[in-house]
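Residue-level structural notes
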Amino acid sequence: MSAYSFFQELHSIFRYVVMVLFIYTILMALMGWFGNRPYTNRNRLSNLFALISAHTQLLIGIVLYFLSPLVQFNSATMKDSTLRYFTVEHWVMMVIAIALITVGHSKSKKLVLPEAKHKIIALFYGIALLIIIGALAAGKIPILK
């Protein structure tokens, strides 16, 4: 098994961990926000684990970016939709999503009211999840293989 195939498989498998954590965290935040529930340590840990999983996936993706034969820097890259997607589009959308996740997590830590914490997490993590799903759809990468 080559380093490329190892990291490609790891990146592919780990996305399920990220998706499950994000869906769980967003649902918890929505229930907390609309149900006027307290912000518990479980909420904090859920938010944190979702953040950590996204950053871990980013690190795996960075390694994969430098190993991938689909990442090319030549005149044909922007003309070929697959090369353009992996060289430019995918990582840009993912970095934007991870920036939103990081900002949302940071903002929620500074807030005092439980409703505000839940709202910030639901909004920022939710928008990030939509960007992630959009990025996967743009590259025609099936979420469920």
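Quick caveat, the model's predicted, so the values are computed rather than measured.

Thresholds applied
- Residues numbered from 1 in each chain as written.
- Predicted model: local features only at pLDDT ≥ 70, side-chain atom pairs only at ≥ 80, totals over all residues.
- Heavy atoms only, no water.
- Salt bridge = Lys/Arg side-chain N within 4 Å of Asp/Glu carboxyl O.
- Helix = DSSP H or I, 4+ residues; strand = E, 2+ residues; numbered from the N terminus.
- Expected span 1.5 Å × (residues − 1).
- Bend = angle between axes of the 7 residues up to and from the residue.
- Buried < 20%, exposed > 50% of the residue type's maximum accessible area, 1.4 Å probe, protein only.
- Contact = heavy atoms within 4.5 Å.
- Patch = residues over 30% accessible without salt bridge, like charges linked within 9 Å, V, L, I, M, F, W, Y side chains within 5 Å.
- Areas by Shrake-Rupley, 256 points an atom, 1.4 Å probe, with all protein chains shown as cover.
- Phe/Tyr/Trp six-rings, centres within 6.5 Å; stacked < 30°, edge-to-face > 60°.
- Axes fitted to C-alpha atoms, helices over the stretch in contact; angles between N-to-C directions.
- Parallel < 35°, antiparallel > 145°, perpendicular 65-115°, else oblique.
- Left-handed = near helix turned anticlockwise from the far one by under 90°.
- Nonpolar A, V, L, I, M, F, W, Y, C, P; charged D, E, K, R; others polar.
- Lys, Arg positive; Asp, Glu negative; His and termini not counted.
- Polar contact = N/O pair within 3.5 Å; in protein donor to acceptor, adjacent residues only side chain to side chain.

1. With respect to the pattern of salt bridges
- Enumeration according to the criterion identifies 1 salt bridge in this entry.
- Among the ionic pairs, Glu89 bridges to Arg84, the shortest N-O distance being 2.8 Å.

2. Focus on helix H3 (residues 81-110)
- Spanning 30 residues, H3 covers 42 Å between terminal C-alpha atoms, matching the ideal 44 Å at 1.5 Å per step.
- Residue Glu89 marks the point of greatest curvature in H3, where the axis turns by about 35°.
- For H3, the full list of buried residues reads Leu83, Tyr85, Thr87, His90, Met94, Ala97, Ile98, Ile101, Gly104, His105 and Ser108.
- Those residues of H3 that are buried lie in contact with helix H1 (3-34), helix H2 (41-67) and helix H4 (114-138).

3. Quick look at a nonpolar patch on the surface
- Together, Ile23, Leu27, Leu30, Met31 and Phe34 line one region of the surface with nonpolar side chains, adding up to about 480 Å² of accessible area.
- Considering the arrangement of structural elements, one finds Leu30 in helix H1.
- On the accessibility criterion, Leu30 (31% relative accessible area) is partly exposed.

4. Overview of H4
- Taking 1.5 Å as the rise per residue, H4 with 25 residues should run 36 Å; its terminal C-alpha atoms sit 36 Å apart, in good agreement.
- Positive backbone phi, at 55°, marks Lys140, one or two positions downstream of H4.

5. Focus on the packing of aromatic side chains
- Inspection of every chain in the model, using the stated rule, returns 7 aromatic pairs.
- Judged by centre distance (5.5 Å) and plane angle (85°), the rings of Tyr65 and Phe66 are edge-to-face.
- With relative accessibility at 18%, the residue Tyr65 sits in the buried group.
- Measuring from centroid to centroid gives 6.5 Å for Tyr65 and Phe73, while their planes differ by 65°, and the two rings are edge-to-face.

6. Focus: the packing of H1 against H2
- Where H1 meets H2, the closest approach of the two axes is 9 Å, and the angle between their N-to-C directions is 155°. With respect to H2, the element H1 is oriented roughly antiparallel. Classified by chirality, the crossing of H2 by H1 is left-handed.
- By residue class, the composition of the contact of H1 with H2 is 17 nonpolar, 10 polar and 2 charged.

7. Examining the side chain of Arg15
- The topology assignment puts Arg15 in helix H1.
- Glu9 provides the closest opposite charge to the buried, unpaired Arg15, separated from it by 8.2 Å.
- A distance of 3.2 Å separates a polar atom in the side chain of Arg15 from the backbone oxygen of Ser12.

Function cannot be read off these values alone, since they describe shape.
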